[in-house]
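The lines below spell out each chain.
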Amino acid sequence: MLELVNVSKKLNRQPVIQSVSFRTPKGCFHTILGDSGTGKTTLLKLIAGLEKPEEGRILLEGRDVTAVPAEGRRIPMIFQQPLLFPHLTVYQNIAFGLETVGWDRGKIGEQVKALLAVLQISELECRMPGTLSGGQQQRVSIARALAPGSSLVLMDEPFSSLDPSLRRELGQQVKTLQRQMNLTVIFVTHDVTEALQLSDEILLLKEGKVLESGTPKELYERPKKRATARFMEAGNLVEGSVAQEVFHCALGRFPAEGIPEGPATGLIPERGIVMTPGDAGGRVTDIRYMGKSRRVKVLVDDIPLWIDDNFHGDLSVGQTVEIELPRRIYLIVS
Ligand SMILES: Nc1ncnc2c1ncn2[C@@H]1O[C@H](COP(=O)(O)OP(=O)(O)OP(=O)(O)O)[C@@H](O)[C@H]1O
């Protein structure tokens, strides 16, 4: 339903978006993930028609809208800070866009009440925005953006000003809403965990270019590039090389069938390593308590390995432990 083909954009004569292509099917929660300043907001503005690309094409439902301005595309966008009219009630804020396009009063009432109910803010209908919490205001902005019934919605870090538990709650609520209404959402974030939890597809952007794209599982467990594995904090990366279908590294030898000869990086998930008390193998150098598990850093032959440890027995920094690595590890060659 949404497609970008080799889209490029310069701002202040600097390339900000460079030949970006992707396709978002209908009903997909598609996240644009990347560091600050990497061009995520610019990409959303290009989709909304708030910026015009120098090169490339933007297609909506197969129609080329590259030259169509924002007013002609009418794609709702939700920003980090809720932008509500301060002098209108919650109801009036949500109804506003519907009145301007000529909906009749009965239909507006039904739509506003339905959205208030879905977002669990029916009791706020008559309140003024200034009397609401940040999370409540953001719920109202989401209701207002969804009101005209667009099947495509753009969201630019919509939860980043909220505290972590509210952020998770609202994220899950938006995800449920997106599924129920079969919305196509283009969601911008720099938060890897948020992207992994909410997305159907992730586009990883780096310095204005697509570094890699795929499902959360693909990018986290089977990244094609080292840079992706690093960004996703996918696990322990161990350098080595492949010779005759065997990967050699400081931690030992691992099968590497079908992998080309030469340098490679092994990816060992933190939860893929078993650690038991013992007097050989590794030395604990750091312990971070995470609640359900703990992250333990162990030096094995001078290689630091992070381990996700569910065994909550006594453990202290400086202690020696035995380490069991998986028999097979995933290898990255680019
Ligand atoms: N109007 C502008 N004029 C000149 N440069 C700009 C303009 N807007 C953004 N930029 C630059 O373009 C680059 C990309 O900015 P953009 O806001 O798209 O990044 P982002 O990934 O959304 O960042 P963040 O996560 O910090 O919001 C940055 O280097 C930024 O300084």
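Residues numbered from 1 in each chain as written. Predicted model: local features only at pLDDT ≥ 70, side-chain atom pairs only at ≥ 80, totals over all residues. Heavy atoms only, no water.

Caption draft 1: Representation of the packing of helix α3 (residues 90–100) against helix α5 (residues 134–146) within the structure. At their nearest, the axes of α3 and α5 sit 8 Å apart, and the two run at 25 degrees to each other. In terms of orientation, α3 and α5 fall into the roughly parallel class. α3 and α5 meet at a crossing whose hand is right-handed. On α5, the residues that touch V90, N93 and I94 of α3 are V140, A143 and R144. For the contact of α3 with α5, the residue count by class is 4 nonpolar, 1 polar and 1 charged. (Axes fitted to C-alpha atoms, helices over the stretch in contact; angles between N-to-C directions. Helix = DSSP H or I, 4+ residues; strand = E, 2+ residues; numbered from the N terminus. Parallel < 35°, antiparallel > 145°, perpendicular 65-115°, else oblique. Left-handed = near helix turned anticlockwise from the far one by under 90°. Contact = heavy atoms within 4.5 Å. Nonpolar A, V, L, I, M, F, W, Y, C, P; charged D, E, K, R; others polar.)

Caption draft 2: Molecular detail of the sheet that holds strand β3 (residues 29–33). One open sheet accounts for 6 strands, arranged β6-β7-β8-β3-β9-β10; its pairing is mixed. Edge positions in the sheet fall to β6 (77–78) and β10 (209–214), since each of these pairs with one other strand and no more. Pairing analysis gives 5 bridges linking strand β7 (residues 152–156) to strand β8 (residues 184–189), with the strands arranged parallel. Bridged to V153 within β8 is V185. (Pairing = 2+ DSSP bridges.)

Caption draft 3: Main features of the site of the ligand. Taken together, L11, N12, V16, D35, S36, G37, T38, G39, K40, T41, T42 and E157 make up the full set of residues adjacent to the ligand. Between an oxygen atom of the ligand and a main-chain N or O atom of G37, the distance comes to 2.8 Å. Between an oxygen atom of the ligand and a side-chain N or O atom of T42, the distance comes to 2.5 Å. When the free accessible area of the ligand is taken as 640 Å², the share hidden by the protein chains comes to 57%. Take the shell around the ligand: its biggest share by element is 3 residues, from helix α1 (residues 40–48). Residues of the shell around the ligand, tallied by class, amount to 2 nonpolar, 7 polar and 3 charged. (Near = heavy atom within 4 Å. Polar contact = N/O pair within 3.5 Å; in protein donor to acceptor, adjacent residues only side chain to side chain. Areas by Shrake-Rupley, 256 points an atom, 1.4 Å probe, with all protein chains shown as cover.)

Caption draft 4: Unusual backbone geometry, seen in detail. One non-glycine residue, R74, lies in the positive phi region at around 50 degrees. In this structure, R74 sits in the loop between α2 (70–73) and β6. R74 gets classed as exposed once you look at its relative accessible area, which sits at 61%. A positive phi angle, close to 45 degrees, is found at E207, a residue other than glycine. (Buried < 20%, exposed > 50% of the residue type's maximum accessible area, 1.4 Å probe, protein only.)

Caption draft 5: Examining the pairing of β3 more closely. Taken across its 5 residues, β3 has 5 buried, putting it largely inside the fold. Strand direction decides the pairing type here: β3 and β8, joined by 5 bridges, are parallel. In the strand pairing of β8, H30 is matched with I186.

Caption draft 6: Representation of the confidence of the model for the chain within the structure. Looking at the chain as a whole, its pLDDT mean stands at 93, while 99% of the residues score no less than 70. Per the prediction output, this complex has pTM 0.90; the corresponding ipTM is 0.93. (pLDDT = per-residue confidence, 0-100.)

Caption draft 7: Inspection of the pattern of salt bridges at higher detail. By the definition in use, this model includes 16 salt bridges. A salt bridge links E221 to K217; the nearest nitrogen and oxygen atoms lie 3.1 Å apart. Highlighted residues: E221 and K217, both in helix α8 (residues 216–221), separated by 4 residues, approximately one helical turn. Between D286 and R288 there is a salt bridge, with the nearest N and O atoms lying 3.0 Å from each other. Residue class for R288 comes out partly exposed when judged on its relative accessible area of 40%. Overlapping salt bridges, with partners in common, bring together K9, E51 and E54 in one network. (Salt bridge = Lys/Arg side-chain N within 4 Å of Asp/Glu carboxyl O.)

Caption draft 8: A look at the packing of aromatic side chains. Scanning the model with the defined rule gives 3 aromatic pairs in all. Measuring from centroid to centroid gives 5.3 Å for F29 and F187, while their planes differ by 50 degrees, and the two rings are tilted. Within this pair, whereas F29 is found in strand β3, its partner F187 is found in strand β8, the two being separated by 158 residues in sequence. Since its relative accessible area comes to 0%, F29 is described here as buried. Between F85 and F96 the ring centres are 4.7 Å apart and the planes differ by 55 degrees, which places this aromatic pair in the tilted class. On the criterion of sequence distance, the pair formed by F85 in the loop between β6 and α3 and F96 in helix α3 is long-range, its members being 11 residues apart. Within the aromatic cluster, the residues linked to one another by ring pairs are F29, F159 and F187. Over the face of the ring belonging to W103 we find K107, whose NZ or CZ atom lies 4.1 Å from the ring centre. Residue placement shows R295 over the ring face of W306; its charged tip is 4.4 Å from the ring centre. (Phe/Tyr/Trp six-rings, centres within 6.5 Å; stacked < 30°, edge-to-face > 60°. Lys NZ or Arg CZ within 6 Å of the ring centre and 35° of its normal.)

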